[in-house]
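Observations on the model geometry
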Amino acid sequence: MPVHRSGLHRIRALATAGAVLLAVVSLPHPAAAAGSAPTVPPRGSARMGMGVAAHDDGGGGLPTGRSTRTEGVDVSSHQGDVAWTTLWNSGVRWAYAKATEGTYYTNPYHAQQYGGSYDVGMVRGAYHFGTPDTASGAAQADYFVDRGGDWSADGRTLPGVLDIEWNPYGDACYGKSQSAMVSWIRDFLDQYRYRTGRNAVLYTATSWWKQCTGDYAGFGATTPLWIARYASTVGELPAGWSTYTMWQYTSTGPTVGDHDLFNGTLDRVRTFALG
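Residues numbered from 1 in each chain as written. Predicted model: local features only at pLDDT ≥ 70, side-chain atom pairs only at ≥ 80, totals over all residues. Heavy atoms only, no water.

Right, let's talk about the packing of helix α7 (residues 178-196) against helix α8 (residues 206-213) for a bit. Helix packing for two helices is described by the angle between their axes and how far apart those axes are. Where α7 meets α8, the axes come as close as 7 Å, and the angle between the chain directions of the two elements is 115°. On the basis of the axis angle, α7 is roughly perpendicular to α8. Residues Q178, M181, V182 and I185 of α7 form the contact with α8, whose participating residues are W208, W209, K210, Q211, C212 and T213. (Axes fitted to C-alpha atoms, helices over the stretch in contact; angles between N-to-C directions. Helix = DSSP H or I, 4+ residues; strand = E, 2+ residues; numbered from the N terminus. Parallel < 35°, antiparallel > 145°, perpendicular 65-115°, else oblique. Contact = heavy atoms within 4.5 Å.)

On to unusual backbone geometry, then. Despite not being glycine, Y174 shows a phi value in the positive range, around 60°. Within the element layout of this structure, Y174 appears in the loop between β5 (161-163) and α7. Backbone geometry places D215, a non-glycine residue, at a positive phi of 60°. Assignment of secondary structure puts D215 in the loop between α8 and β7 (225-228). Judged by relative accessible area, which is 22%, D215 ranks as partly exposed. (Buried < 20%, exposed > 50% of the residue type's maximum accessible area, 1.4 Å probe, protein only.)

Moving on to the side chain of T196. Its location among the elements puts T196 in helix α7. Reaching out from T196, the side chain makes a polar contact with the backbone oxygen of Y192 at a distance of 2.8 Å. From its side chain, T196 meets the backbone nitrogen of R198 in a polar contact 3.1 Å long. Leaving out residues up to four positions away in the same chain, T196 has contacts with V145, D150 and W151. (Polar contact = N/O pair within 3.5 Å; in protein donor to acceptor, adjacent residues only side chain to side chain.)

Each disulfide consists of one covalent bond between the sulfur atoms belonging to two cysteines. On inspection of all chains with the given rule, the structure shows one disulfide. Across the disulfide from C173 sits C212; the S-S distance is 1.9 Å. Its S-S torsion of about -75° marks the bond between C173 and C212 as left-handed, since a negative value means left-handed. With a gap of 39 residues between them, C173 in the loop between β5 and α7 and C212 in helix α8 connect regions that are remote in the sequence. A single burial state applies to C173 and to C212, both of which are buried. (Disulfide = S-S within 2.5 Å.)

This next bit is on the pairing of strand β1 (residues 70-75). Of all six residues in β1, six are buried; the element is thus mostly enclosed. Along β1, one buried face is formed by T70, G72 and D74 and the opposite face, lined by E71, V73 and V75, is buried too. Note: β1 against strand β9 (residues 259-262), four bridges, orientation antiparallel. Within β9, the position partnered with V73 by the bridge is H259. (Pairing = 2+ DSSP bridges.)

Quick look at the side chain of E101 now. For E101, the position within the fold is in strand β2 (residues 94-101). In contact with E101, not counting residues within four places along its chain, are R43, G44, S45, A46, H128, F129, T131, Y143 and Y169.

Now for the packing of aromatic side chains. Centre distance and the angle of the planes are the two values used to describe a pair of aromatic rings. On inspection of all chains with the given rule, the structure shows 15 aromatic pairs. Geometrically, the ring pair formed by W184 and F188 is stacked, given 6.1 Å between the ring centres and 25° between the ring planes. Taken together, the residues W184 and F188, both in helix α7 and four residues apart, mark about one turn of the helix. With a relative accessible area of 6%, W184 lands in the buried category. On the basis of relative accessible area, F188 is assigned to the buried category, the value being 0%. Pairwise contacts between aromatic rings join W94, Y96, Y203, W226, F262 and F272 into one cluster. The ring of W88 carries the charged tip of R93 above its face, separated from the ring centre by 3.7 Å. Taking NZ or CZ as reference, R156 lies 3.9 Å from the ring centre of Y118, over its face. (Phe/Tyr/Trp six-rings, centres within 6.5 Å; stacked < 30°, edge-to-face > 60°. Lys NZ or Arg CZ within 6 Å of the ring centre and 35° of its normal.)

What follows is the structure, given as structure tokens:
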């Protein structure tokens, strides 16, 4: 019966065309198939610990021996206006707020974060995200001090922090050799001490330090260390340091993601602030 055969042929043809169309729709985008480059975040969006989870994650877990250490947080524009009373009630007693990045960015939430933590009774400080590929260390130290990174001997203000870690905008070591990176960091630390009379704290992760400075050991005698490692222990420290001052142990805290421990009681936090 020709009519039936013709109808069957039409059904088969439509089914075949549909399968072909489905296959075409399901094909991956050429860029995805070839492995497209990751999206580069906008300048100014870097924050403390941005690369730790991807490069130096220790597997998580709550730190042991917390009774002899003091809970803190670090914040940036990513947190916006921070619920400081909630954090205080949860036991947080010190905080750092991002002030600047490079010589081109100031955190628009810095006043609420820096001042708000102080107002609830916390000991507070400011940090700078270093970008060694955009300006000298001294220029960035000046930019930081002039825009919220200064220090005062009031017992409630912690020394400024240089956050030096993986470059979220490009090459991990900002296109610098290991010796050039060490020189850039020294330039920043020297200028901060000249401007404020205090040694800045250095925030970093051990694996980045090894990769980008060759595990340089020359800063440990004078520079307090803030180590980044998301684990139940701090693990190996960079060369030159036998202990740490602060430890960022997680990026998944209940109120603010980045939580930290000061290596001592609250009295020691205040003593450190005084200098």
